[in-house]
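# Notes for the structure review
Read off the chains here:
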Amino acid sequence: MKRRLLLVFIVVSFFMCNEVGAVTLNDLYNDVSVLKKNYNAAQKKANMTKQELNNVKASIINTENEIKRAQNDIIKAEEEIQVSEENIAEKKEETNQMLLYLQLMNSNGDSMLEYVMDADSYTELIYRYSVVTQMSDYNQEIITELNSLVESLNNKKKELNKKQEALAIKKQELQAKQM
């Protein structure tokens, strides 16, 4: 009886103390499947990060190119403004010369009408009328050109200011992207 009791005690303690830690083949396949899913998810996340990084790099390059174009546009606009200012100065000088001539002509007591009417023949009358008309037309043309040049200059200056503002914004965007 002692033996039986000891044997029962050993068998019961064997079953009670021995936890089954066996892993079946199906459990291992399930673990591998879970690990593969985790690995694929990590790969997708890494690829997305690389793609996002490439997108940011492409965006930076595009912004840098836009900045370069804007700087070139600003340089062109400044050159055009300078040329326009020179043309305006030339037209002002022409206008001043024309006004000086008209003032000298009027200071002698001769007006354009008197100049035309002092003609001795019809041919001379037509010639003098033609000269006076050409001078008036030329003077009007110079004034019109001067006004259009001034207007063009003002528009170019406004455009230049807009381009400079856009350039500043692009530079800020670039700095933000590079951080």
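Our structure's up above, just so we're on the same page.
Scoring rules and cut-offs
- Residues numbered from 1 in each chain as written.
- Predicted model: local features only at pLDDT ≥ 70, side-chain atom pairs only at ≥ 80, totals over all residues.
- Heavy atoms only, no water.
- Helix = DSSP H or I, 4+ residues; strand = E, 2+ residues; numbered from the N terminus.
- Buried < 20%, exposed > 50% of the residue type's maximum accessible area, 1.4 Å probe, protein only.
- Contact = heavy atoms within 4.5 Å.
- Areas by Shrake-Rupley, 256 points an atom, 1.4 Å probe, with all protein chains shown as cover.
- Polar contact = N/O pair within 3.5 Å; in protein donor to acceptor, adjacent residues only side chain to side chain.
- Core = buried A, V, L, I, M, F, W, Y, C linked by side-chain atoms within 4.5 Å.
- Salt bridge = Lys/Arg side-chain N within 4 Å of Asp/Glu carboxyl O.

A few words on the overall build of the protein chain. Scanning the protein chain from N- to C-terminus turns up 4 helices and 0 strands. Ordered by position from the N terminus, the helices and strands of the protein chain form the series α-α-α-α. When burial is assessed residue by residue, the protein chain has 15% of its 179 residues classed as buried. Counting only contacts in the protein chain whose residues sit at least 6 apart along the sequence, the fraction spanning at least 24 positions is 79%. Carbon and sulfur atoms make up 57% of the accessible area of the protein chain, which amounts to about 14800 Å² in all.

A word on the side chain of K91. Tracing the backbone shows K91 in helix α2 (residues 25-107). By relative accessible area, which is 17% here, K91 ends up buried. If near-sequence neighbours (up to four positions away) are discounted, K91 is found in contact with I142, E145, L146 and L149.

Here we come to the side chain of S84. One can find S84 in helix α2. Look at S84 and you get buried, because its relative accessible area is 4%. Within the structure, the side chain of S84 is placed 3.3 Å from the side chain of K156, a separation counted as a polar contact. Excluding residues within four positions of it along the chain, S84 makes contact with L153 and K156.

All right, on to the nonpolar core then. Ranked by size, the top nonpolar core spans 13 residues in total, and within it I88, L160 and L167 carry the most contacts. Counting only elements with at least two residues in this core, the list comes to α2 and α4 (122-178). Considering each element in turn, this core owes the most residues, 7 residues, to α2. Not counting residues within four places of it along the chain, the set of residues in contact with L160 comprises I74, A77, E78 and I81.

Within the secondary structure, I61 sits in helix α2. Assessed through its relative accessible area of 46%, I61 is described here as partly exposed. Taking the C-alpha atoms as reference points, I61 and L174, 113 residues apart in sequence, are found 9.0 Å from one another.

On to the pattern of salt bridges, then. Any two side chains of opposite charge can pair, on the condition that their charged atoms come close. Taken as a whole, this structure holds 3 salt bridges when the rule is applied. We note a salt bridge from K157 to E85, for which the minimum N-O separation is 3.7 Å. Residue K157 is found in helix α4, and its partner E85 is found in helix α2; the two are separated by 72 residues along the sequence. Residue E85 is classed as partly exposed on the basis of its relative accessible area, which comes to 37%. Where K91 meets E145, a salt bridge forms, and the shortest distance between an N and an O atom there is 2.6 Å.

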